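Fold and geometry: a report
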There are 12 protein chains.
Amino acid sequence: MALPLPIFVLNGPNLNLLGAREPQIYGHDSLDAIKTACAARAALYGRSIDFRQSNHEGVLVDWLQEAAKGACAVVLNAAAFTHTSIALHDAARALRLPLIEVHLSNPSARESFRHHSYISPIAHGVVAGFGLLSYLLAIEAAHMLAGAPTQTQTTEEA
Amino acid sequence: MALPLPIFVLNGPNLNLLGAREPQIYGHDSLDAIKTACAARAALYGRSIDFRQSNHEGVLVDWLQEAAKGACAVVLNAAAFTHTSIALHDAARALRLPLIEVHLSNPSARESFRHHSYISPIAHGVVAGFGLLSYLLAIEAAHMLAGAPTQTQTTEEA
Amino acid sequence: MALPLPIFVLNGPNLNLLGAREPQIYGHDSLDAIKTACAARAALYGRSIDFRQSNHEGVLVDWLQEAAKGACAVVLNAAAFTHTSIALHDAARALRLPLIEVHLSNPSARESFRHHSYISPIAHGVVAGFGLLSYLLAIEAAHMLAGAPTQTQTTEEA
Amino acid sequence: MALPLPIFVLNGPNLNLLGAREPQIYGHDSLDAIKTACAARAALYGRSIDFRQSNHEGVLVDWLQEAAKGACAVVLNAAAFTHTSIALHDAARALRLPLIEVHLSNPSARESFRHHSYISPIAHGVVAGFGLLSYLLAIEAAHMLAGAPTQTQTTEEA
Amino acid sequence: MALPLPIFVLNGPNLNLLGAREPQIYGHDSLDAIKTACAARAALYGRSIDFRQSNHEGVLVDWLQEAAKGACAVVLNAAAFTHTSIALHDAARALRLPLIEVHLSNPSARESFRHHSYISPIAHGVVAGFGLLSYLLAIEAAHMLAGAPTQTQTTEEA
Amino acid sequence: MALPLPIFVLNGPNLNLLGAREPQIYGHDSLDAIKTACAARAALYGRSIDFRQSNHEGVLVDWLQEAAKGACAVVLNAAAFTHTSIALHDAARALRLPLIEVHLSNPSARESFRHHSYISPIAHGVVAGFGLLSYLLAIEAAHMLAGAPTQTQTTEEA
Amino acid sequence: MALPLPIFVLNGPNLNLLGAREPQIYGHDSLDAIKTACAARAALYGRSIDFRQSNHEGVLVDWLQEAAKGACAVVLNAAAFTHTSIALHDAARALRLPLIEVHLSNPSARESFRHHSYISPIAHGVVAGFGLLSYLLAIEAAHMLAGAPTQTQTTEEA
Amino acid sequence: MALPLPIFVLNGPNLNLLGAREPQIYGHDSLDAIKTACAARAALYGRSIDFRQSNHEGVLVDWLQEAAKGACAVVLNAAAFTHTSIALHDAARALRLPLIEVHLSNPSARESFRHHSYISPIAHGVVAGFGLLSYLLAIEAAHMLAGAPTQTQTTEEA
Amino acid sequence: MALPLPIFVLNGPNLNLLGAREPQIYGHDSLDAIKTACAARAALYGRSIDFRQSNHEGVLVDWLQEAAKGACAVVLNAAAFTHTSIALHDAARALRLPLIEVHLSNPSARESFRHHSYISPIAHGVVAGFGLLSYLLAIEAAHMLAGAPTQTQTTEEA
Amino acid sequence: MALPLPIFVLNGPNLNLLGAREPQIYGHDSLDAIKTACAARAALYGRSIDFRQSNHEGVLVDWLQEAAKGACAVVLNAAAFTHTSIALHDAARALRLPLIEVHLSNPSARESFRHHSYISPIAHGVVAGFGLLSYLLAIEAAHMLAGAPTQTQTTEEA
Amino acid sequence: MALPLPIFVLNGPNLNLLGAREPQIYGHDSLDAIKTACAARAALYGRSIDFRQSNHEGVLVDWLQEAAKGACAVVLNAAAFTHTSIALHDAARALRLPLIEVHLSNPSARESFRHHSYISPIAHGVVAGFGLLSYLLAIEAAHMLAGAPTQTQTTEEA
Amino acid sequence: MALPLPIFVLNGPNLNLLGAREPQIYGHDSLDAIKTACAARAALYGRSIDFRQSNHEGVLVDWLQEAAKGACAVVLNAAAFTHTSIALHDAARALRLPLIEVHLSNPSARESFRHHSYISPIAHGVVAGFGLLSYLLAIEAAHMLAGAPTQTQTTEEA
């Protein structure tokens, strides 16, 4: 049986440390907690998510390319790569899907090297600064932009 | 009877032209349509809104000062003043309430003079690029950050 | 009886001081003298003018919005706001009328903070440096760009 | 009976919040307390003051123009407009009176966007960083620069 | 018989291509059409013109030097040299005649390398953005600034 | 039997999307088509190629190090890494072989963040802007710079 | 008899010194040697060339204008003018022919004032750093971009 | 008998030339006249001063270190060193006393290399532009910030 | 039996080429020689080392995360990533261990793109320019900062 | 009979206006007066001069190339081209003769666009700011650097 | 009897305040404590030190010149002069001895005006951020770079 | 008997090392040799010199102040202080005597931090790049600008 394509929620370097890493900036939620909350929110809209994290720029590029065929929308927290990776910019640009840039903290309120984003100019929209809530709002935005869930993905058990 | 304090939704210069002004950038929704949708969304959370627009920087400063006493949170689309007004920055900074910066379009994808925001560094969070949906997500964020609605505002009929 | 729409001639901050303020830069003509000369020149072309001045950025934004319905063209001397106001830039951009930027002095020959204009990139043309004559040439340009005078404005006595 | 012209003490945006707003930066004195202290200091020199505050750039421009006729000197705390307003620069430049720039805090010790002043290059002098005392020193400077009090203003009861 | 000195109308590189070259920017008028219209406009004021074009910076410098003796005013469209030639700046500076800078298009609305002009700081005024009309307004300005036509040039047939 | 060392043709991130990705910029040729054409061109000169692509900066560094021993020359399209990777710069610098930088599009005609190359200063030469033809010209340059094909690589079947 | 239009190969200032001038940068080939090699390469494709050099910016502008009618493609080594001439940029932009920018050395590996090119953004492609070989590759590119040789030029003897 | 600690008034390079050096900028008062006026003003508050001048950066650093033990407050006119000396910045920073930066002229109204101050960010306040009066206001500020005069310095005659 | 945690000595891209790569800059010691010398030096202090190298930014991020649990201190030569990797900056920042930045050469004496370090602002200290000796000094610093060796790591043979 | 090679004294744009053009900057000496004085000074050393002026950059490049064979040294006042011409820089660089840069005024004391020189980095020395005397000192320097006068130029009458 | 030449340990402005001055940045060790520790460390290697401090740039220049004859190596903490003194740069450059730049704190982690060093580009190496330990590591580096202690200095008692 | 005032020849930091320090840049002449040559040249004009050197900025400021009374002109080689000392700029500015800036090497051909001079904008002229000859030419310039030698200095024996 065909299932709707999931929303890809892709997370960049060091986000696997969430909860432990500088909680005054990133909050106390672990990445797992965020994943669970995102899945629950997506379920409200009849959506599933595919939630991943990598410290490798190349892997994130691979996943963005994979999303072109396997996702209905992408929520991307590129973390440090937001500010340095033209490769991600190019991969995102080649993606013909709704792309939501998300950040836990507000980069504009931090060091100047976090003020420029290579993702923003090509994202449909940005949600930043609300901690875990940033992800939930991004899921809603992804849902709205992705249109009605479609049935093109065949489940393995089908 | 005491009513909960509303969410102030403050809009800056030229936003009264929405719908007519460059719809390829700002979308086809009029400011009235946005107001109605915001009110509806707020109502879902048991909140009311106080929705205003002005072309005058000083008026927006006045309103932010007024919000300190009369609002539970502020959603601010400072439009052009986002990029030029330190006065709004200072007013927002003196505000001890949740402040959500919102934009219909994605400033990062436009002219370079729209890339810097005097509001972002002091906002709790930012939602940009989703058109009318930006406002709705901001209302949710304002609601979450404002905590439980309180009963300190007395209705006129009381 | 319907009258043709006037050319709006809008003047920014401190221009009400003309004649007294730094005459070596701005000349000895008062703003009233300029108004009279503009009206006379417009009359040569069968045009009327609506000549205004304000020290308030917001008022100038309001007037540019009003011009969209009530003017056939706009001659704008935004004075100091030329260099700082993105709000005027946005208002001018939303205007679907001929827009002529005018300056009494030549901003390029003055302080570096007067070298950039937020109006120029969206004006149809610029006339600068000729004192009162700048306005007269701008009136001619406005007349030419506005096309044949139309009869859509009803006189009060009608 | 004719009274000497007062010293105008003009205050820019958000200064009406003094005492409450970031007291670690601006001190605990309210604007009213500053007004009272300034009046007392001026009285020592046989001067009166006209003490005003506005959040509106245009109103401050209007007041500077009014000062040309109604004041013997101007003490100006343009607050946020110090750093952004060429309109105030131009108005101050057209003023043929002693002009003292004053700040409660020391802008050089704060964010870089507060390091440049459009007022300084045309002020006779600057006093910054001493809180309420900044105003008192500025009153003394205004008094000294204004020369002997003159009798050109007619009192209302006259 | 002595004739009044003509207005020099000097045109820089690639302007000989007008009409064919990027008409969406420069309009459909050929340089010959502009010459004819300028001559007609000048004739209205009892003036003649000397209309020239060169792709060579040195030739334009030579002509500006020649203008010092043979012209009553100069209208200069230095085209690309506007932005690169200090030699033209120096030649124009040595010129003791009214100098009007003219552009068909509005350089401020084009690439950033066209935003700076070496001519503007020493021109009496600038007219830009009106296509052929820019030249006509410049002719009027040149006429006004040149004062009453004088009779110091001897005609060849005299 | 010993075979001559191949020309390495190394391709950076997102080039595996060629043909589908922004064809107005990158053309309609797929990376496979480019590989085939390169091989054919190299064969004309009695050369073979080793054609690879990766989205991972580290992999490209590894390959450049491998080239030092296994290639006679390198043709490198580092794509987005061209503008951000000092690691590739260092790897290329340690390479004692002819290195040709190649681009399908002309980076100078695109966004400013593509105007700087970390590869150019250490490449023997650059070919850019000709689409597939860029690669073919680069193959010829590599062939010329590599000198006569040598026989130091042993074939697997040997 | 009509001959196909030649490829213009235009060379800028000081290139007539090749061979003698800094051979460690520009190589030992004289400009004549390059001309001969280009002609030979063009002949391989059934093309002729028109090879010229000038130290005068204006002459190069003239030649680019002439190319519009008399050439099938242009190979341009603007030398020092590459970095300073907006006039050449404009002339090249008005040219509706394939334009190949060529350099003997690699400007990116030299002084920073050689890193920006006014030609690159409007060239079809760039070949740099290969010495004489740069020209040969550029000839091939010009040939490919020019399409099949046409017969529109009448020989003098015809 | 113990005397209260004096206010150090430290003057940097070339201030010994006052009166003769550019009086249109620095006024006609000699440094001796300033010393006398400062002493008189301090006496009004029951304070003494220790007034010094040096052209040597190192000497000024030494004096600032000496002030830590021997002064109740420091008034510092670092003159040219204001803009270049991080050593003075560091010495002032190590000082745990009220520090008043003072200037005769208004550095903001002079050359751009005088616009930045290494002293301002660590001074309690700044007084600039009032000539001799700057010093007197600074003495008052120093007095106010130093608190009640203390009796810890033993007079030599005691 | 439990062993003290080792010092991680992490090496970035191209350092595996040491000895061969530009010996005039990096010296003639191979990375193996450095490893051996570091181990010997650490042994002097009763420490062991875990010495690794990777050309992959992601792998270095992984290792820094691993160090949080498995190391007593980190000596990091991020090589080219020093200047480009915010991801390493973030990983290092999340590390609650002594971090020593080390370089063989002195980046300040090389190209300007090597003058900025994303590691320095969060390192406890930096040692650069001494070749192999840089590592040995860094080992000593790591040892001193790590405090007394602890016994929390269980040996495999235990 | 063979004569020693002359010193070339080459003058750039607008220097033919000397005496009339801004004498407060350039002095009252005409270019002819300078030529005469230079010739006299050179004669003191047994040298002749070849003194030329052009408004054309290309002509100056030609002359520098000619100097390589016909001069013993070059004194160059490139005037405005000093600041804009890389072509002259390249020509001067190809010259294997003593090259003295000379200026009548002191460019460092004028507009910022005259502060950079493309000639200085390749000149043997610079003399600026002494008016006519600058040339005389430059002649002496040229004489000293050129060594003993040689007899390789054949006079026309020979 | 001849003694080996000592290592000069030169300390710049305000370092005499160590221990008292901002201990959170510079640590609690006094300069005397550092001197003692350095001497002890040097003794381990059979070296002596000559440890000095001055607030005067000129004195430090003198000492660097003296070192050329009287020292075997120099450890230099130029403190504030690190960032401003080209004179020290030049003196260090003229020194033909091992030069080690040392800092107690990590300048890269402090204000941006401490990020550039005029010493680094000419130092053999840098040690920064380890407090007193920085000096000890620098002594070791100086010892290693200075080679075997030599016997050229005659003791006073000899 | 009264003697004419001497020309002060003032030399800045590290110039006492001449001959030994980087002779490829500064030449092989010692400072003594330069002094002797200057004295001889001055004698040709009936002038004496007062030749001094110091590594201390403050001493050079003192000497410039002394020159105001004791010299007829000043030749200043401020060496490193040329680029950093506003104090010397101010002292030179207060000097009402001919001031000649001199350099042995050509700062424009060296590091970028030597390209700006605080002396040039206020010097009468500059001579740079000719080694010892720079000084001799400067002596001639000083002589010419100082006018006829005067007899106001009393000899010691008088």
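The structure contained in this document is the topic of the report that follows. No experiment lies behind these values; they were computed from the predicted model shown.

1. Some details on the overall build of chain A
Along its length, chain A carries five helices and seven strands. Taken from N to C terminus, the helices and strands of chain A fall in the order β-β-α-α-β-α-β-α-β-β-α-β. Classification of the 158 residues of chain A by burial places 63% in the buried group. Sequence separation of 24 or more characterises 80% of the internal contacts of chain A that already satisfy a separation of 6 or more.

2. Notes on helix H2 (residues 31-44) of chain A
Taking 1.5 Å of rise per residue, 14 residues should cover 20 Å, and H2(A) covers 20 Å from first to last C-alpha, within 8% of that figure. Close packing links the buried residues of H2(A) with strand E2 (7-11), strand E3 (49-53) and helix H5 (132-146) of chain A together with helix H2 (31-44) and helix H5 (132-146) of chain B.

3. Some remarks on the pairing of strand E2 (residues 7-11) of chain E
Residue and element names in this part refer to chain E. Counted residue by residue, E2 has five buried out of five residues, so it is predominantly covered. Here E2 shows two buried faces, one formed by Ile7, Val9 and Asn11 and the other by Phe8 and Leu10. Relative to strand E3 (residues 49-53), E2 runs parallel, the two sharing five bridges. Bridge pairing in E3 links Val9 to Phe51.

4. Focus on the interface of chain B and chain A
With 21 residues of chain B at the contact, the number on the chain A side is 21 residues. Together chain B and chain A conceal approximately 1,600 Å² of surface at their shared face, both sides included; 61% is due to carbon and sulfur atoms. Between Glu140(A) and Arg41(B) there is a salt bridge whose closest N-O contact spans 2.6 Å. For the pair chain B and chain A, the number of links is six residue pairs in polar contact (both at pLDDT 80 or more). Elements that contribute at least two residues to the side of chain B that touches chain A include exactly strand E6 (125-128) and H5 of chain B.

5. Looking at the relation of the copies chain C and chain B
Rotating chain C by 120° about the axis while translating it 0.0 Å along that axis superimposes it on chain B, leaving an RMSD of 0.0 Å. Considering both components of the superposition, the chain copies are consistent with a three-fold axis. For chain C, the residue whose C-alpha comes nearest the rotation axis is Thr84(C), separated from it by 4.2 Å. When the interface residues of chain C are mapped onto chain B, a mere 12% of them are again interface residues, pointing to distinct binding faces.

6. Some points on the sheet that holds strand E3 (residues 49-53) of chain K
Sheet architecture is open: 10 strands sit in the order E3(I)-E2(I)-E4(I)-E5(I)-E6(I)-E6(K)-E5(K)-E4(K)-E2(K)-E3(K), paired in mixed fashion. Two strands in the sheet have a free side with no partner beyond their single neighbour: strand E3 (49-53) of chain I together with E3 of chain K. With strand direction ignored, the average angle separating the axes of adjacent strands in the sheet is 15°. Pairing analysis gives five bridges linking strand E2 (residues 7-11) of chain I to strand E4 (residues 73-77) of chain I, with the strands arranged parallel. Of the residues in E4(I), the one forming a bridge with Phe8(I) is Val74(I). The strands touched by helix H5 (residues 132-146) of chain K are strand E2 (7-11), E3, strand E4 (73-77), strand E5 (99-103) and strand E6 (125-128) of chain K; relative to E5(K), the strand with the most contacts, the crossing angle is about 175°.

7. Some words on the nonpolar core
Core analysis: the biggest nonpolar cluster contains 74 residues, and Leu64(B), Val74(B), Leu64(C), Val74(C), Leu64(D) and Val74(D) have the highest contact counts within it. By residue number, the principal contributor to this core is helix H3 (residues 57-70) of chain B, which donates six residues. If we skip the residues at most four places from it in the chain, Val74(B) touches Phe8(B), Leu10(B), Leu64(B), Ala67(B), Leu95(B), Pro98(B), Leu99(B) and Ile100(B).

8. Brief notes about the relation of the copies chain B and chain A
Between chain B and chain A, the superposition needs a rotation of 180° and an axial shift of 0.0 Å, giving an RMSD of 0.0 Å. In symmetry terms, the pair is related by a two-fold rotation axis. Looking at the rotation axis and the C-alpha trace of chain B, the residue lying nearest is Val127(B), at 2.3 Å.

9. Brief notes about the sheet that holds strand E5 (residues 99-103) of chain J
Taken in spatial order, the 10 strands line up as E3(J)-E2(J)-E4(J)-E5(J)-E6(J)-E6(L)-E5(L)-E4(L)-E2(L)-E3(L) in an open sheet, and their pairing is mixed. Each edge of the open sheet is held by one strand with a lone partner, namely strand E3 (49-53) of chain J together with strand E3 (49-53) of chain L. When strand polarity is set aside, the average angle formed by the axes of neighbouring strands in this sheet is 15°. Along the sheet face, helix H3 (residues 57-70) of chain J touches strand E2 (7-11), E3 and strand E4 (73-77) of chain J and points at about 175° away from the line of E2(J).

10. Overview of the interface of chain C and chain B
The interface of chain C with chain B comprises 16 residues on the first partner and 19 residues on the second. Of the roughly 1,400 Å² buried at the junction of chain C and chain B (both faces included), carbon and sulfur atoms supply 50%. In terms of surface lost to chain B, no three residues of chain C exceed Gln65(C), Ile86(C) and Arg93(C), which account for 37% of the buried area on that side. Counting across the interface, chain C meets chain B through two salt bridges. Close ionic contact of Glu111(B) with Arg93(C) constitutes a salt bridge, the shortest N to O distance being 2.4 Å. Summed over the shared surface of chain C and chain B, the result is seven residue pairs in polar contact (both at pLDDT 80 or more). Only helix H3 (57-70) and helix H4 (86-94) of chain C provide two or more residues apiece to the side of chain C that touches chain B.

Reading the values: the criteria
Residues numbered from 1 in each chain as written. Chains lettered and ligands numbered in written order. Predicted model: local features only at pLDDT ≥ 70, side-chain atom pairs only at ≥ 80, totals over all residues. Heavy atoms only, no water. Helix = DSSP H or I, 4+ residues; strand = E, 2+ residues; numbered from the N terminus. Buried < 20%, exposed > 50% of the residue type's maximum accessible area, 1.4 Å probe, protein only. Contact = heavy atoms within 4.5 Å. Expected span 1.5 Å × (residues − 1). Pairing = 2+ DSSP bridges. Buried area = accessible area lost by both parts, 1.4 Å probe. Salt bridge = Lys/Arg side-chain N within 4 Å of Asp/Glu carboxyl O. Polar contact = N/O pair within 3.5 Å; in protein donor to acceptor, adjacent residues only side chain to side chain. Least-squares fit on C-alpha atoms with pLDDT ≥ 70 in both. Axes fitted to C-alpha atoms, helices over the stretch in contact; angles between N-to-C directions. Core = buried A, V, L, I, M, F, W, Y, C linked by side-chain atoms within 4.5 Å.

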